[in-house]
Protein chains: 4
Amino acid sequence: MKHISKEMQACIDECLRCYQTCLGTAMKHCLETGGEHVEPKHFRLMMACSEICRTAAHFMLLNSPHHKHLCRECAEICTECAKDCERIGDMDDCVQACKSCAASCRAMAS
Amino acid sequence: MKHISKEMQACIDECLRCYQTCLGTAMKHCLETGGEHVEPKHFRLMMACSEICRTAAHFMLLNSPHHKHLCRECAEICTECAKDCERIGDMDDCVQACKSCAASCRAMAS
Amino acid sequence: MKHISKEMQACIDECLRCYQTCLGTAMKHCLETGGEHVEPKHFRLMMACSEICRTAAHFMLLNSPHHKHLCRECAEICTECAKDCERIGDMDDCVQACKSCAASCRAMAS
Amino acid sequence: MKHISKEMQACIDECLRCYQTCLGTAMKHCLETGGEHVEPKHFRLMMACSEICRTAAHFMLLNSPHHKHLCRECAEICTECAKDCERIGDMDDCVQACKSCAASCRAMAS
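Residues numbered from 1 in each chain as written. Chains lettered and ligands numbered in written order. Predicted model: local features only at pLDDT ≥ 70, side-chain atom pairs only at ≥ 80, totals over all residues. Heavy atoms only, no water.

Caption draft 1: View of empty space enclosed by the protein. The final tally for this structure, using the stated rule, is two cavities of 30 Å³ or more. Of the voids in this model, the largest cavity is the one considered here, and its volume is about 120 Å³. Lining the largest cavity are 15 residues, and of these Met47(A), His58(B), Met47(C), Glu51(C) and His58(D) lie nearest its centre. Every element with two or more residues in the lining of the largest cavity is listed here: helix H2 (40–62) of chain A, helix H2 (40–62) of chain B, helix H1 (6–33) and helix H2 (40–62) of chain C together with helix H2 (40–62) of chain D. For the lining of the largest cavity, the class distribution of residues is seven nonpolar, four polar and four charged. Approximately 90 Å³ is the volume attributed to the second largest cavity. Lining the second largest cavity are 13 residues, with His58(A), Met47(B), His58(C), Met47(D) and Glu51(D) sitting closest to its centre. Those elements that provide at least two residues to the lining of the second largest cavity are H2 of chain A, H2 of chain B, H2 of chain C together with H2 of chain D. Looking at the lining of the second largest cavity, the element that brings in the most residues is H2(B), giving four residues. When the residues that make up the lining of the second largest cavity are grouped by side-chain class, the tally is six nonpolar, four polar and three charged. (1 Å grid on protein atoms, 1.4 Å probe; cavity = no way out; pocket = protein on both sides within 12 Å on 5 of 7 lines; lining within 4 Å. Points joined across faces, edges and corners; volume = space filled by probe spheres on them. Helix = DSSP H or I, 4+ residues; strand = E, 2+ residues; numbered from the N terminus. Nonpolar A, V, L, I, M, F, W, Y, C, P; charged D, E, K, R; others polar.)

Written out as C-alpha coordinates, the structure reads:
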(Lines give C-alpha, C1' and ligand atoms only; values in the text may rest on other atoms or scores of the structure.)
Protein backbone atom coordinates (compact mmCIF):
# COMPACT_ATOMS: atom_id res chain seq x y z
CA MET A 1 0.00 0.00 0.00
CA LYS A 2 2.75 2.43 0.89
CA HIS A 3 6.01 2.50 -1.00
CA ILE A 4 8.46 4.44 1.11
CA SER A 5 12.02 3.18 0.60
CA LYS A 6 13.82 1.53 3.51
CA GLU A 7 16.37 4.32 3.54
CA MET A 8 13.70 7.00 3.74
CA GLN A 9 11.73 5.13 6.40
CA ALA A 10 14.89 4.89 8.49
CA CYS A 11 15.42 8.65 8.13
CA ILE A 12 11.79 9.38 9.11
CA ASP A 13 12.34 7.17 12.18
CA GLU A 14 15.51 9.08 13.11
CA CYS A 15 13.80 12.44 12.67
CA LEU A 16 10.81 11.50 14.79
CA ARG A 17 13.06 10.03 17.49
CA CYS A 18 15.19 13.19 17.60
CA TYR A 19 12.03 15.36 17.61
CA GLN A 20 10.77 13.41 20.62
CA THR A 21 14.06 13.48 22.47
CA CYS A 22 14.70 17.21 21.99
CA LEU A 23 11.17 18.34 22.76
CA GLY A 24 10.67 15.94 25.67
CA THR A 25 14.06 16.82 27.19
CA ALA A 26 13.52 20.57 26.82
CA MET A 27 10.11 20.47 28.44
CA LYS A 28 11.12 18.22 31.33
CA HIS A 29 14.86 18.08 32.01
CA CYS A 30 15.79 21.61 30.87
CA LEU A 31 12.84 23.44 32.43
CA GLU A 32 13.14 21.51 35.72
CA THR A 33 16.93 21.80 35.97
CA GLY A 34 17.01 25.51 35.06
CA GLY A 35 20.29 27.47 35.04
CA GLU A 36 22.14 27.22 31.73
CA HIS A 37 19.55 24.68 30.57
CA VAL A 38 17.12 27.58 30.06
CA GLU A 39 19.60 30.10 28.68
CA PRO A 40 17.85 31.56 25.61
CA LYS A 41 20.40 30.43 23.01
CA HIS A 42 20.39 26.81 24.20
CA PHE A 43 16.67 26.49 24.72
CA ARG A 44 15.81 28.05 21.36
CA LEU A 45 18.21 25.65 19.65
CA MET A 46 16.47 22.70 21.33
CA MET A 47 13.10 23.96 20.10
CA ALA A 48 14.41 24.68 16.60
CA CYS A 49 15.94 21.21 16.44
CA SER A 50 12.72 19.45 17.45
CA GLU A 51 10.75 21.53 14.93
CA ILE A 52 13.07 20.93 11.96
CA CYS A 53 13.07 17.18 12.71
CA ARG A 54 9.26 17.17 12.79
CA THR A 55 9.13 19.10 9.51
CA ALA A 56 11.75 17.01 7.69
CA ALA A 57 9.79 13.86 8.56
CA HIS A 58 6.61 15.56 7.33
CA PHE A 59 8.16 16.42 3.96
CA MET A 60 9.29 12.82 3.47
CA LEU A 61 5.76 11.64 4.26
CA LEU A 62 4.33 14.24 1.86
CA ASN A 63 6.48 12.57 -0.78
CA SER A 64 7.75 16.02 -1.79
CA PRO A 65 11.03 16.25 -3.73
CA HIS A 66 11.89 19.21 -1.49
CA HIS A 67 12.48 16.80 1.39
CA LYS A 68 16.18 16.84 0.44
CA HIS A 69 16.48 20.53 1.32
CA LEU A 70 14.70 20.03 4.63
CA CYS A 71 16.93 17.05 5.42
CA ARG A 72 20.06 19.14 4.68
CA GLU A 73 18.86 21.88 7.04
CA CYS A 74 17.90 19.24 9.61
CA ALA A 75 21.42 17.78 9.51
CA GLU A 76 22.90 21.25 10.15
CA ILE A 77 20.66 22.13 13.07
CA CYS A 78 21.03 18.67 14.66
CA THR A 79 24.83 18.92 14.45
CA GLU A 80 24.73 22.32 16.12
CA CYS A 81 22.32 21.07 18.79
CA ALA A 82 24.49 18.01 19.54
CA LYS A 83 27.49 20.31 20.14
CA ASP A 84 25.54 22.64 22.40
CA CYS A 85 24.15 19.73 24.43
CA GLU A 86 27.71 18.39 24.87
CA ARG A 87 28.83 21.84 26.06
CA ILE A 88 26.04 21.98 28.67
CA GLY A 89 26.55 18.38 29.76
CA ASP A 90 24.22 15.77 31.27
CA MET A 91 22.28 15.56 28.00
CA ASP A 92 23.62 12.33 26.51
CA ASP A 93 20.28 11.18 25.04
CA CYS A 94 19.99 14.41 23.07
CA VAL A 95 23.59 14.29 21.88
CA GLN A 96 23.15 10.75 20.58
CA ALA A 97 19.74 11.38 18.98
CA CYS A 98 20.97 14.55 17.26
CA LYS A 99 24.18 12.95 15.92
CA SER A 100 22.33 9.91 14.65
CA CYS A 101 19.62 12.01 12.98
CA ALA A 102 22.21 14.34 11.42
CA ALA A 103 24.00 11.39 9.81
CA SER A 104 20.78 9.97 8.43
CA CYS A 105 19.58 13.33 7.08
CA ARG A 106 22.95 14.11 5.54
CA ALA A 107 22.78 10.85 3.55
CA MET A 108 19.18 11.56 2.52
CA ALA A 109 20.06 15.08 1.35
CA SER A 110 22.88 14.05 -0.95
CA MET B 1 17.28 12.29 31.94
CA LYS B 2 13.74 11.92 30.63
CA HIS B 3 10.97 10.50 32.75
CA ILE B 4 8.11 9.64 30.47
CA SER B 5 6.15 6.64 31.76
CA LYS B 6 6.15 3.43 29.73
CA GLU B 7 2.43 3.76 29.13
CA MET B 8 2.79 7.30 27.80
CA GLN B 9 5.78 6.41 25.65
CA ALA B 10 3.75 3.57 24.11
CA CYS B 11 0.92 6.01 23.36
CA ILE B 12 3.33 8.52 21.77
CA ASP B 13 4.68 5.68 19.62
CA GLU B 14 1.15 4.71 18.53
CA CYS B 15 0.26 8.31 17.71
CA LEU B 16 3.40 8.89 15.64
CA ARG B 17 2.92 5.58 13.82
CA CYS B 18 -0.69 6.43 12.97
CA TYR B 19 0.33 9.96 11.93
CA GLN B 20 2.88 8.46 9.52
CA THR B 21 0.53 5.84 8.16
CA CYS B 22 -2.38 8.20 7.53
CA LEU B 23 -0.31 11.02 6.04
CA GLY B 24 1.93 8.73 3.98
CA THR B 25 -1.04 6.73 2.67
CA ALA B 26 -3.06 9.83 1.79
CA MET B 27 -0.20 11.45 -0.09
CA LYS B 28 0.79 8.30 -2.01
CA HIS B 29 -1.89 5.62 -2.17
CA CYS B 30 -4.97 7.85 -2.09
CA LEU B 31 -3.70 10.55 -4.47
CA GLU B 32 -2.33 7.99 -6.94
CA THR B 33 -5.38 5.70 -6.82
CA GLY B 34 -7.89 8.55 -7.12
CA GLY B 35 -11.64 7.85 -7.31
CA GLU B 36 -13.27 7.51 -3.93
CA HIS B 37 -9.82 7.74 -2.31
CA VAL B 38 -9.88 11.48 -3.02
CA GLU B 39 -13.52 12.11 -2.23
CA PRO B 40 -13.48 15.20 0.02
CA LYS B 41 -15.01 13.58 3.11
CA HIS B 42 -12.56 10.67 3.13
CA PHE B 43 -9.46 12.66 2.30
CA ARG B 44 -10.21 15.35 4.90
CA LEU B 45 -10.69 12.66 7.52
CA MET B 46 -7.29 11.16 6.66
CA MET B 47 -5.67 14.59 7.04
CA ALA B 48 -7.54 15.34 10.26
CA CYS B 49 -6.51 11.96 11.66
CA SER B 50 -2.83 12.47 10.89
CA GLU B 51 -2.94 15.97 12.40
CA ILE B 52 -4.66 14.99 15.66
CA CYS B 53 -2.19 12.10 16.10
CA ARG B 54 0.72 14.51 15.59
CA THR B 55 -0.78 16.95 18.07
CA ALA B 56 -1.66 14.39 20.74
CA ALA B 57 1.95 13.14 20.67
CA HIS B 58 3.13 16.75 20.93
CA PHE B 59 1.02 17.40 24.03
CA MET B 60 2.39 14.30 25.75
CA LEU B 61 5.92 15.47 24.95
CA LEU B 62 5.09 18.96 26.23
CA ASN B 63 4.20 17.24 29.49
CA SER B 64 0.93 19.16 29.53
CA PRO B 65 -1.94 17.84 31.68
CA HIS B 66 -4.23 18.68 28.73
CA HIS B 67 -2.81 15.71 26.84
CA LYS B 68 -5.77 13.68 28.15
CA HIS B 69 -8.24 15.83 26.20
CA LEU B 70 -6.19 15.58 23.04
CA CYS B 71 -5.90 11.81 23.47
CA ARG B 72 -9.69 11.53 23.89
CA GLU B 73 -10.26 13.48 20.67
CA CYS B 74 -7.55 11.44 18.95
CA ALA B 75 -9.32 8.20 19.89
CA GLU B 76 -12.58 9.51 18.40
CA ILE B 77 -11.09 10.65 15.11
CA CYS B 78 -8.98 7.48 14.73
CA THR B 79 -12.06 5.31 15.29
CA GLU B 80 -13.98 7.25 12.64
CA CYS B 81 -11.01 7.07 10.24
CA ALA B 82 -10.64 3.31 10.73
CA LYS B 83 -14.31 2.83 9.80
CA ASP B 84 -14.05 5.01 6.72
CA CYS B 85 -10.89 3.22 5.55
CA GLU B 86 -12.70 -0.12 5.96
CA ARG B 87 -15.60 1.22 3.89
CA ILE B 88 -13.28 2.29 1.07
CA GLY B 89 -11.24 -0.91 1.23
CA ASP B 90 -7.63 -1.75 0.35
CA MET B 91 -6.40 0.35 3.26
CA ASP B 92 -5.53 -2.31 5.82
CA ASP B 93 -2.43 -0.54 7.17
CA CYS B 94 -4.50 2.54 7.99
CA VAL B 95 -7.29 0.52 9.57
CA GLN B 96 -4.86 -1.28 11.85
CA ALA B 97 -2.85 1.83 12.78
CA CYS B 98 -6.01 3.80 13.55
CA LYS B 99 -7.58 1.05 15.67
CA SER B 100 -4.39 0.49 17.62
CA CYS B 101 -3.86 4.21 18.21
CA ALA B 102 -7.49 4.68 19.26
CA ALA B 103 -7.17 1.94 21.89
CA SER B 104 -3.96 3.43 23.29
CA CYS B 105 -5.35 6.98 23.36
CA ARG B 106 -8.60 5.85 24.97
CA ALA B 107 -6.62 4.28 27.83
CA MET B 108 -4.45 7.41 28.18
CA ALA B 109 -7.50 9.69 28.26
CA SER B 110 -9.26 7.89 31.10
CA MET C 1 -12.61 30.11 -4.74
CA LYS C 2 -12.58 29.63 -1.00
CA HIS C 3 -15.78 29.53 1.00
CA ILE C 4 -14.83 29.93 4.63
CA SER C 5 -17.53 31.77 6.58
CA LYS C 6 -16.74 35.18 8.05
CA GLU C 7 -17.21 33.82 11.54
CA MET C 8 -14.77 30.97 10.94
CA GLN C 9 -12.21 33.23 9.26
CA ALA C 10 -12.35 35.53 12.29
CA CYS C 11 -11.72 32.56 14.58
CA ILE C 12 -8.78 31.36 12.45
CA ASP C 13 -7.35 34.89 12.68
CA GLU C 14 -7.74 34.90 16.48
CA CYS C 15 -6.11 31.47 16.79
CA LEU C 16 -3.13 32.41 14.62
CA ARG C 17 -2.70 35.71 16.46
CA CYS C 18 -2.74 33.96 19.86
CA TYR C 19 -0.36 31.26 18.53
CA GLN C 20 2.07 33.99 17.48
CA THR C 21 1.77 35.97 20.69
CA CYS C 22 2.23 32.99 23.02
CA LEU C 23 5.09 31.39 21.10
CA GLY C 24 6.87 34.68 20.38
CA THR C 25 6.53 35.86 23.97
CA ALA C 26 7.71 32.55 25.43
CA MET C 27 10.78 32.40 23.22
CA LYS C 28 11.78 36.05 23.73
CA HIS C 29 10.28 37.71 26.80
CA CYS C 30 10.00 34.62 29.05
CA LEU C 31 13.38 33.08 28.21
CA GLU C 32 15.19 36.43 28.49
CA THR C 33 13.46 37.54 31.69
CA GLY C 34 13.87 34.17 33.43
CA GLY C 35 12.70 33.67 37.01
CA GLU C 36 9.05 32.70 37.29
CA HIS C 37 8.71 33.24 33.52
CA VAL C 38 10.53 29.92 33.01
CA GLU C 39 8.93 28.00 35.86
CA PRO C 40 7.93 24.65 34.28
CA LYS C 41 4.17 24.96 34.84
CA HIS C 42 3.95 28.43 33.29
CA PHE C 43 6.26 27.79 30.37
CA ARG C 44 4.55 24.49 29.46
CA LEU C 45 1.19 26.23 29.51
CA MET C 46 2.49 28.89 27.11
CA MET C 47 3.74 26.17 24.76
CA ALA C 48 0.52 24.16 25.05
CA CYS C 49 -1.52 27.29 24.35
CA SER C 50 0.45 28.18 21.22
CA GLU C 51 0.18 24.57 19.97
CA ILE C 52 -3.59 24.20 20.50
CA CYS C 53 -4.18 27.55 18.76
CA ARG C 54 -2.08 26.38 15.79
CA THR C 55 -3.97 23.10 15.67
CA ALA C 56 -7.46 24.59 16.03
CA ALA C 57 -6.72 26.92 13.09
CA HIS C 58 -5.44 23.92 11.12
CA PHE C 59 -8.66 21.94 11.71
CA MET C 60 -10.78 24.85 10.52
CA LEU C 61 -8.64 25.10 7.37
CA LEU C 62 -8.94 21.33 6.87
CA ASN C 63 -12.67 21.90 6.82
CA SER C 64 -13.06 19.07 9.33
CA PRO C 65 -16.26 18.88 11.39
CA HIS C 66 -14.03 18.04 14.35
CA HIS C 67 -12.86 21.65 14.46
CA LYS C 68 -15.56 22.27 17.06
CA HIS C 69 -13.87 19.94 19.55
CA LEU C 70 -10.49 21.53 18.96
CA CYS C 71 -12.00 25.00 19.38
CA ARG C 72 -13.60 23.95 22.68
CA GLU C 73 -10.24 22.67 23.96
CA CYS C 74 -8.54 25.81 22.65
CA ALA C 75 -10.96 28.01 24.60
CA GLU C 76 -10.16 26.09 27.79
CA ILE C 77 -6.40 26.26 27.45
CA CYS C 78 -6.45 29.93 26.40
CA THR C 79 -8.56 30.82 29.44
CA GLU C 80 -6.12 29.01 31.72
CA CYS C 81 -3.15 30.66 30.01
CA ALA C 82 -4.68 34.14 30.33
CA LYS C 83 -5.09 33.60 34.09
CA ASP C 84 -1.54 32.37 34.52
CA CYS C 85 -0.13 35.29 32.53
CA GLU C 86 -2.12 37.70 34.75
CA ARG C 87 -0.69 35.98 37.84
CA ILE C 88 2.90 36.38 36.57
CA GLY C 89 2.34 39.96 35.39
CA ASP C 90 3.92 42.10 32.66
CA MET C 91 2.34 39.89 30.00
CA ASP C 92 -0.56 42.05 28.84
CA ASP C 93 -0.29 41.12 25.15
CA CYS C 94 -0.65 37.44 26.02
CA VAL C 95 -3.54 38.04 28.39
CA GLN C 96 -5.45 39.97 25.74
CA ALA C 97 -4.68 37.55 22.89
CA CYS C 98 -5.68 34.54 25.00
CA LYS C 99 -8.95 36.09 26.23
CA SER C 100 -9.93 37.21 22.75
CA CYS C 101 -9.11 33.82 21.23
CA ALA C 102 -10.98 31.98 23.99
CA ALA C 103 -14.13 34.01 23.30
CA SER C 104 -13.95 33.37 19.58
CA CYS C 105 -13.29 29.63 20.00
CA ARG C 106 -16.08 29.27 22.55
CA ALA C 107 -18.55 30.72 20.06
CA MET C 108 -17.22 28.47 17.27
CA ALA C 109 -17.50 25.36 19.47
CA SER C 110 -21.12 25.84 20.39
CA MET D 1 7.08 43.00 25.60
CA LYS D 2 7.84 41.46 22.21
CA HIS D 3 10.55 42.84 19.97
CA ILE D 4 10.00 41.38 16.55
CA SER D 5 11.13 43.79 13.81
CA LYS D 6 8.52 45.24 11.45
CA GLU D 7 10.16 43.47 8.52
CA MET D 8 10.03 40.10 10.27
CA GLN D 9 6.45 40.60 11.44
CA ALA D 10 5.44 41.38 7.85
CA CYS D 11 7.13 38.17 6.70
CA ILE D 12 5.40 36.10 9.41
CA ASP D 13 2.09 37.62 8.26
CA GLU D 14 2.81 36.69 4.63
CA CYS D 15 3.79 33.14 5.60
CA LEU D 16 0.67 32.58 7.69
CA ARG D 17 -1.55 34.05 4.97
CA CYS D 18 -0.01 31.80 2.32
CA TYR D 19 -0.27 28.79 4.67
CA GLN D 20 -3.98 29.49 5.10
CA THR D 21 -4.63 30.09 1.43
CA CYS D 22 -2.82 26.97 0.21
CA LEU D 23 -4.19 24.62 2.85
CA GLY D 24 -7.72 26.02 2.73
CA THR D 25 -7.80 25.97 -1.07
CA ALA D 26 -6.43 22.42 -1.29
CA MET D 27 -8.93 21.05 1.19
CA LYS D 28 -11.96 22.82 -0.31
CA HIS D 29 -11.49 23.99 -3.89
CA CYS D 30 -9.06 21.30 -5.09
CA LEU D 31 -10.76 18.32 -3.43
CA GLU D 32 -14.24 19.45 -4.51
CA THR D 33 -13.25 20.34 -8.07
CA GLY D 34 -11.23 17.16 -8.62
CA GLY D 35 -9.60 16.43 -11.99
CA GLU D 36 -6.16 17.96 -12.37
CA HIS D 37 -6.69 19.74 -9.02
CA VAL D 38 -6.02 16.41 -7.31
CA GLU D 39 -3.25 15.19 -9.56
CA PRO D 40 -0.53 13.97 -7.16
CA LYS D 41 2.21 16.40 -8.22
CA HIS D 42 -0.02 19.46 -7.86
CA PHE D 43 -1.70 18.44 -4.64
CA ARG D 44 1.58 17.48 -2.95
CA LEU D 45 3.04 20.84 -3.93
CA MET D 46 0.07 22.63 -2.35
CA MET D 47 0.59 20.64 0.88
CA ALA D 48 4.35 21.19 0.84
CA CYS D 49 3.83 24.92 0.30
CA SER D 50 1.41 25.26 3.20
CA GLU D 51 3.76 23.28 5.47
CA ILE D 52 6.93 25.25 4.65
CA CYS D 53 5.04 28.53 5.19
CA ARG D 54 3.85 27.29 8.58
CA THR D 55 7.37 26.22 9.50
CA ALA D 56 9.12 29.38 8.30
CA ALA D 57 6.74 31.46 10.43
CA HIS D 58 7.44 29.14 13.38
CA PHE D 59 11.22 29.60 13.06
CA MET D 60 10.84 33.38 13.03
CA LEU D 61 8.70 33.17 16.17
CA LEU D 62 11.26 30.84 17.79
CA ASN D 63 13.75 33.66 17.22
CA SER D 64 16.14 31.12 15.68
CA PRO D 65 18.94 32.39 13.42
CA HIS D 66 18.11 29.46 11.14
CA HIS D 67 14.93 31.22 10.05
CA LYS D 68 16.91 32.60 7.09
CA HIS D 69 17.38 29.09 5.66
CA LEU D 70 13.73 28.24 6.12
CA CYS D 71 12.70 31.52 4.48
CA ARG D 72 14.97 30.77 1.50
CA GLU D 73 13.38 27.33 1.07
CA CYS D 74 9.93 28.87 1.55
CA ALA D 75 10.60 31.37 -1.26
CA GLU D 76 11.58 28.52 -3.60
CA ILE D 77 8.56 26.34 -2.88
CA CYS D 78 6.14 29.29 -3.03
CA THR D 79 7.53 30.32 -6.43
CA GLU D 80 7.09 26.78 -7.73
CA CYS D 81 3.57 26.58 -6.28
CA ALA D 82 2.56 29.92 -7.84
CA LYS D 83 3.65 28.64 -11.27
CA ASP D 84 1.78 25.37 -10.88
CA CYS D 85 -1.37 27.14 -9.74
CA GLU D 86 -1.15 29.42 -12.81
CA ARG D 87 -0.79 26.34 -15.02
CA ILE D 88 -3.91 24.73 -13.55
CA GLY D 89 -5.89 27.98 -13.61
CA ASP D 90 -8.77 29.30 -11.51
CA MET D 91 -6.48 29.59 -8.49
CA ASP D 92 -5.78 33.32 -8.41
CA ASP D 93 -5.83 33.64 -4.62
CA CYS D 94 -3.10 31.00 -4.32
CA VAL D 95 -1.01 32.54 -7.08
CA GLN D 96 -1.09 35.93 -5.40
CA ALA D 97 -0.46 34.63 -1.87
CA CYS D 98 2.47 32.48 -3.05
CA LYS D 99 4.10 35.27 -5.06
CA SER D 100 3.73 37.76 -2.26
CA CYS D 101 5.09 35.32 0.35
CA ALA D 102 8.00 34.37 -1.92
CA ALA D 103 9.03 38.01 -2.26
CA SER D 104 8.87 38.60 1.47
CA CYS D 105 10.80 35.41 2.31
CA ARG D 106 13.46 36.14 -0.32
CA ALA D 107 14.13 39.51 1.30
CA MET D 108 14.23 37.94 4.77
CA ALA D 109 16.67 35.23 3.62
CA SER D 110 19.26 37.60 2.19
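Caption draft 2: Molecular detail of the relation of the copies chain A and chain B. Between the two copies, chain A and chain B, the superposition gives an RMSD of 0.0 Å; the rotation angle is 180 degrees and the shift along the axis is 0.0 Å. Those values place the two copies in the arrangement expected of a two-fold rotation axis. Among all C-alpha atoms of chain A, that of Leu16(A) lies closest to the rotation axis, at 3.9 Å. Most of the interface of chain A is mirrored in chain B, where 100% of its interface residues again form contacts. (Least-squares fit on C-alpha atoms with pLDDT ≥ 70 in both. Contact = heavy atoms within 4.5 Å.)

Caption draft 3: Representation of the relation of the copies chain C and chain B in the model. Here chain C sits on chain B after a turn of 180 degrees about the axis and a move of 0.0 Å along it, with an RMSD of 0.0 Å. Of the interface residues in chain C, 100% have counterparts in chain B that sit at the interface too, so the contact is made through matching surfaces.

Caption draft 4: Region of the structure containing the state of the cysteines. In the structure shown here, the tally under the stated rule is zero disulfides over all chains. With no disulfide of its own, Cys85(A) lies closest to Cys81(A) among cysteine sulfurs, the gap being 4.1 Å. Of all cysteine sulfurs, the one in Cys98(C) lies closest to Cys81(C), which takes part in no disulfide; the gap is 4.0 Å. The exposure class assigned to Cys81(C) is buried, which follows from its relative accessible area of 1%. (Disulfide = S-S within 2.5 Å. Buried < 20%, exposed > 50% of the residue type's maximum accessible area, 1.4 Å probe, protein only.)

Caption draft 5: Looking closely at the interface of chain C and chain B. In this complex, chain C contributes 18 residues to the contact, which on the side of chain B involves 18 residues. Summed over both partners, the interface of chain C with chain B buries about 1600 Å², with 63% contributed by carbon and sulfur atoms. The interface formed by chain C and chain B holds zero salt bridges in total. At the level of secondary structure, the elements contributing two or more residues to the side of chain C that touches chain B comprise H2 and helix H3 (67–88) of chain C. With nine residues, the top contributor of residues to the side of chain C that touches chain B is H2(C). Within the side of chain C that touches chain B, the residues separate by chemical class into seven nonpolar, six polar and five charged. (Buried area = accessible area lost by both parts, 1.4 Å probe. Salt bridge = Lys/Arg side-chain N within 4 Å of Asp/Glu carboxyl O.)

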